[in-house]
Amino acid sequence: MSRQFKQKGIITIMFIILSAGATIMVMKDGVINGIASDAGFHFSRVEQIYDNLKNGSFFTFIATNTFHQTGAGSFLFYPTVFLYPWAFLRFFLDPVSSFYCWYGIMTFLCLMISYFSMKSFSKETSRSAFFALLYTFGLYRLRLGIVNLVLGEFVAYTFLPLAFVGFYHVFWGDSRKWYDLAIGVALIGYSHFLSLYLTVLIFIAILICNIIIKNNLSRERLLSLVKSIITAILLMGYVLVPFLTDYLGKNLKVPAKGAWFVNTINDLISSSLANGPFAAYNIGFFLIVGALIGWYFVKNNNLELSIYISGILILLMSTSFFPWEGVKKTFLGTIQFPYRLHSYGSLLIAVTTSFILVKILKKKPKRTRMLTYVAFLIIFGISYSGVIQTVNSKERINSAQYLAPNKDGSVQPLDTHNLYKVDKRNYHNIFQYSVTFGESDYYPKKSVNGKNTPEYIGKEGGIWQKVAFINNKKKNVIPVGTPNNLTYFIKTSKSGSIDLPVVAYSNTYAYINGSRTNYSISKRGTVSVQVKPGNNRITVGYKPSMAFYFFVVVAIATWACLFLSWIYRLNKHTRQQVIQKE
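Residues numbered from 1 in each chain as written. Predicted model: local features only at pLDDT ≥ 70, side-chain atom pairs only at ≥ 80, totals over all residues. Heavy atoms only, no water.

*Asks:* Mind laying out the overall build of the protein chain, listing which residues take part and the relevant values?
*Replies:* When helices and strands are tallied, the protein chain shows 20 helices and 13 strands. What you see for the protein chain is a C-alpha radius of gyration of 26 Å, in line with the 25 Å of a compact globule of 582 residues. Considering only C-alpha atoms, the protein chain reaches an extent of 90 × 55 × 50 Å along its principal axes. For the protein chain, long-range pairs separated by at least 24 residues make up 73% of all intrachain contacts whose partners lie at least 6 apart in sequence. Separation between the mean location of the 58 positive side-chain charges and that of the 24 negative ones in the protein chain comes to 6 Å. (Helix = DSSP H or I, 4+ residues; strand = E, 2+ residues; numbered from the N terminus. Rg over C-alpha atoms; globule rule 2.2 N^0.38 Å. Contact = heavy atoms within 4.5 Å. Lys, Arg positive; Asp, Glu negative; His and termini not counted. Charge placed at Lys NZ, Arg CZ, Asp CG, Glu CD.)

Okay, here's the thing in C-alpha cells:
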C-alpha cells in the first residue's frame, strides 16, 4: 500500500510541476487576449461573485454590479460552482494573475482526473500517463481555455473522463464503482449544462447500441445505474431547482437552436495535422494521427475497437458528413456548434492513441521503452511549446488593441473581428461594454428584440442603458448594487408607476421604503411598481425558494457520505493487503 501511495505522490508532484509550467508558458507578458469572445460573459460572472463575497454573501443569483446592473439571472441557469475558486483567488492576486492561476488549477485537475480515470479503466501506469498528456493538452481544450475563452465548456472538459469511466464500470466493468458515474455527471452539471446534455445524449446512444447488439443488461448493472442516477440528482439538485422554479414555462430567452460553422472531414483532418490553435475544426496532430491509424491497432480487441469506432463516429458527426441542416431545429440543434463534439471525440481518440503507444512499446526492451518515453515527452513538449508560441507570439500580442475605457456613454459591444487585450491595469474596462455573447440570455422574451439578433439591438438596449419609465417618461437611473439586490432612489411629484430597468423572474421581490410591495411585469419584461409622491427607495432583489437551500444541504450530506464511503473502502483494502502479507 505504501508503494501505491508513493507512486500517487510522485504522479501528483509531477502533474503540479507540469500544470504550473504549462500555465507559465500561457501567461507570458501578463495579458489576456480574445476579450471579444466569450470572455466578457464569464469574467462578468466571476466579478459579480467576487463582489458578493467581499460583501459577505456566498450565493449569487442575479447580476447587481456587472451585466450593467440589470438583474440578469445567468447565475440561476448557468452553473457557477467552479468559478468560486477563481473568485477567491481575486482576494490575493490581481485579476489577470487570478485567471491564469485558476487555469493552472483546472489543468492540474484535468491531468489528475484523466490519469486516474484511465488507471481505473486499464490498470496501466504508462497508458494512464500517455492519456493524461494527450487529453489535457489536446488542441481543442487549449482553444476553449486560452484562445476563445469558452470557459464553461472548458471546465466541463475536465470531468468527462470520470463520467465516461464511471459509465464503463456500470455497464461493462466493475459495477461496484457506480459512484464514478454519479460524481462525474454531477461535476459536469456543476460546470456546463450543455455539456451535461451532450454527455447524457451520448450515453443513451451508446447504451441503445449495446442493448441492440448484445442484449445482456443484467439486473445488477441496472441497479448500479439507478444508484448513479439518484446520487447524481442528489448532488445536482440545488443547481436544478432554479430551472424548475424560474425557467420551465416562464417564457425566457435561451440561446437559439442551430448548426453553425459546420466544416468538412477534410477541414478537420488538414487543420489537425497542421496543429494550429486557431482553426475550430482541430483536435491536434497526435489525436488525428491516432484517429487515422487506430483501426489497425484495435481491430483484434473488441472493447478498444468499440471505443475507437465511437470516437470516429462522434468526429464524423461533428462535420458536414452528418446532415446538420436537416436536424438543426430538433433537439440536436441545441448543440449550436457541432464542433462542440470534439470534447468527446478528443476523449475517445485519446483512449485509442494511448492504447497504440503502449502496444507499440509493450514488447520492447526496458531501455528502448525508457528512451521512447523520453523521446515522446520531448516531441510532445516541442509541439505544445510551438502552439503556445503561436498563441502568444509578439506579433499577435502587439497587434491586439489595448482595451480602452468606453467613453461613449452608451453600452456598446466590442467588435468580434478585432483582437483585444487586457492586463491588470485595464481589466475592469471589460465591464463597460456589453457582453458579446450571452448578455441577454435568460432574459424574459418580452425584454429582447423579436428577431433575437444582433442581441445588442432591441428593448434590452434601453435596459442596459438604465432607462426607467416614470409615468411613461424616460429617465436614466443609477442603482446601488448590493448582493442580489438593486436599490433605486427616485423622487416623484405625484403617484404613478415606475418601470425599472431590471428584469423579473418568478422569485423576484420588491420593497418600497422598507415595506414589501407587489409589482407587475412591464411590456419589456421588467419590474414595474406603483409609488406615492415624494422620495422613494425602491429595492428589487431575488430570493430563491426554500427548496434551493434544502438541496444545498442534501448535496453537502451526499458528498460527505461519498467521502466517508471512500475512506471505508480505502481502510478495507488496506486491511485485506495486510492479511494477504501475513
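Let's pick the thread back up.
*Asks:* Lay out unusual backbone geometry in plain terms, naming residues and giving numbers.
*Replies:* The backbone of Asn275 shows a phi angle near 60 degrees, a positive value even though the residue is not glycine. By the element assignment, Asn275 lies in the loop between helix H12 (265–274) and helix H13 (285–298). Take Asn275: its relative accessible area is 14%, and that puts it in the buried class. In this structure, Gln336 takes a positive phi of about 70 degrees despite not being glycine. Mapped onto the secondary structure, Gln336 falls in the loop between helix H15 (324–327) and helix H16 (342–361). (Buried < 20%, exposed > 50% of the residue type's maximum accessible area, 1.4 Å probe, protein only.)

*Asks:* Go over a nonpolar patch on the surface, please, and point to the residues and values.
*Replies:* On the surface, Phe58, Phe88, Phe91, Phe92 and Leu93 cluster together to form a nonpolar patch covering roughly 530 Å² of accessible area. Along the chain, the position of Phe92 falls in the loop between helix H4 (84–89) and helix H5 (95–122). (Patch = residues over 30% accessible without salt bridge, like charges linked within 9 Å, V, L, I, M, F, W, Y side chains within 5 Å. Areas by Shrake-Rupley, 256 points an atom, 1.4 Å probe, with all protein chains shown as cover. Salt bridge = Lys/Arg side-chain N within 4 Å of Asp/Glu carboxyl O.)

*Asks:* Which residues make up the packing of helix H8 (residues 151–171) against helix H10 (residues 193–213), and what values go with them?
*Replies:* Interaxial distance between H8 and H10 falls to 10 Å at its minimum, and their mutual angle equals 25 degrees. Taken together, the axes of H8 and H10 are roughly parallel relative to one another. For the pair H8 and H10, the crossing hand works out as right-handed. Residues Glu153, Ala156, Leu160, Ala163, Phe164, Phe167 and Phe171 of H8 pack against Ser195, Thr199, Ile202, Phe203, Ile206 and Leu207 of H10. (Axes fitted to C-alpha atoms, helices over the stretch in contact; angles between N-to-C directions. Parallel < 35°, antiparallel > 145°, perpendicular 65-115°, else oblique. Left-handed = near helix turned anticlockwise from the far one by under 90°.)

*Asks:* Can you tell me about the sheet that holds strand S12 (residues 526–531), naming the residues and giving the values?
*Replies:* In space, the five strands of this open sheet follow the order S5-S4-S8-S12-S11, with antiparallel pairing throughout. A strand with exactly one partner marks an edge of an open sheet, and here the two such strands are strand S5 (473–476) and strand S11 (520–521). (Pairing = 2+ DSSP bridges.)

*Asks:* Requested: an account of the nonpolar core, with residues and values cited.
*Replies:* Grouped together as the largest cluster of nonpolar side chains are 154 residues, with contacts concentrated most on Ile32, Ile35, Phe43, Phe99, Trp102 and Tyr190. The contacts of Phe99, once residues within four sequence positions are left out, are Ile32, Phe43, Trp86, Gly145, Leu149 and Leu151. (Core = buried A, V, L, I, M, F, W, Y, C linked by side-chain atoms within 4.5 Å.)

*Asks:* Any details on the packing of aromatic side chains? Residues and values, ideally.
*Replies:* Geometry of an aromatic ring pair is reported as the spacing of the ring centres plus the angle between the planes. The full count for this structure, using the stated rule, is 62 aromatic pairs. When the centroid spacing of 5.9 Å and the interplanar angle of 55 degrees are considered together, the rings of Trp102 and Phe154 count as tilted. One end of the pair, Trp102, is in helix H5; the other, Phe154, is in helix H8, with 52 residues separating them in the sequence. A relative accessible area of 0% places Phe154 in the buried class. Arranged with centres 5.6 Å apart and planes meeting at 15 degrees, the rings of Phe337 and Tyr339 form a pair that is stacked. For the pair shown, Phe337 and Tyr339 are each scored as buried. Here the aromatic cluster, defined as three or more aromatic residues joined through ring pairs, consists of Phe58, Phe59, Phe61, Tyr84, Tyr190, Tyr238, Tyr542, Phe548, Tyr549 and Trp559. (Phe/Tyr/Trp six-rings, centres within 6.5 Å; stacked < 30°, edge-to-face > 60°.)

*Asks:* Please set out the pattern of salt bridges residue by residue, giving values where relevant.
*Replies:* Following the criterion strictly, the structure yields 10 salt bridges and no others. For Lys253, the salt bridge identified is with Asp441, shortest N-O distance 3.5 Å. Taken together, the positions of Lys253 in the loop between helix H11 (219–247) and H12 and Asp441 in the loop between strand S3 (420–422) and helix H19 (459–464) put the pair 188 residues apart, joining distant regions of the chain. No difference in accessibility class separates Lys253 from Asp441, as the two residues are buried.

*Asks:* Describe the side chain of Gln48, and please don't skip the residues or the numbers.
*Replies:* By secondary structure assignment, the location of Gln48 is in helix H2 (residues 35–54). Judged by relative accessible area, which is 0%, Gln48 ranks as buried. When sequence neighbours within four positions are dropped, the list of residues in contact with Gln48 reads Thr60, Ile62, Ala63, Thr64, Asn65, Thr66 and Phe75.

*Asks:* I'd like to hear about the pairing of strand S9 (residues 508–512), residue by residue, with values.
*Replies:* In terms of burial, S9 is largely enclosed, as four of its five residues are buried. Alignment of S9 against strand S13 (residues 534–542), held across five bridges, turns out to be antiparallel. Each residue of the ladder has a partner; that of Tyr509, found in S13, is Gly541. Pairing analysis gives three bridges linking S9 to strand S10 (residues 515–517), with the strands arranged antiparallel. When the sheet's bridge partners are listed, Ala510 is paired in S10 with Thr517. Linking S9 to S10, which pair antiparallel, is a turn of two residues; within it Asn513 sits at a positive phi near 50 degrees.

*Asks:* So what's going on with the environment of Leu268? Which residues, and what values?
*Replies:* On the secondary structure map, Leu268 appears in helix H12. Residue Leu268 is classed as buried on the basis of its relative accessible area of 5%. In this structure the C-alpha to C-alpha distance between Leu268 and Gly284, which are 16 residues apart in sequence, comes to 9.4 Å. With near-sequence residues (within four places) excluded, Leu268 lies in contact with Tyr281, Asn282, Ile283, Leu315, Thr319 and His342.

*Asks:* Can you explain H5? Please cite residues and give values.
*Replies:* Side chains that are three or four residues apart share a direction in an α-helix, a result of its 3.6 residues per turn. Taking 1.5 Å as the rise per residue, H5 with 28 residues should run 40 Å; its terminal C-alpha atoms sit 40 Å apart, in good agreement. Counting buried residues in H5 gives 21 out of 28 residues, a clear majority hidden from the surface. Sitting at the head of H5, Asp94 places a side-chain oxygen 3.0 Å from the backbone nitrogen of Val96. Two residues or fewer after H5 comes Lys123, characterised by a positive phi angle close to 65 degrees. (Expected span 1.5 Å × (residues − 1). Polar contact = N/O pair within 3.5 Å; in protein donor to acceptor, adjacent residues only side chain to side chain.)

*Asks:* Could you give an account of the side chain of Lys253, with specific residues and numbers?
*Replies:* Residue Lys253 is classed as buried on the basis of its relative accessible area, which comes to 5%. Side chain to side chain, Lys253 and Ser440 meet in a polar contact 2.9 Å long.

*Asks:* Requested: an account of the sheet that holds strand S2 (residues 401–402), with residues and values cited.
*Replies:* Read from one edge of the open sheet, three strands run S1-S3-S2, paired in mixed fashion. Strands at the two margins of the open sheet, each flanked by one partner only, are strand S1 (32–33) and S2. As paired strands, S1 and S3 are joined by two bridges and run antiparallel to one another. In the strand pairing of S3, Ile32 is matched with Val422.

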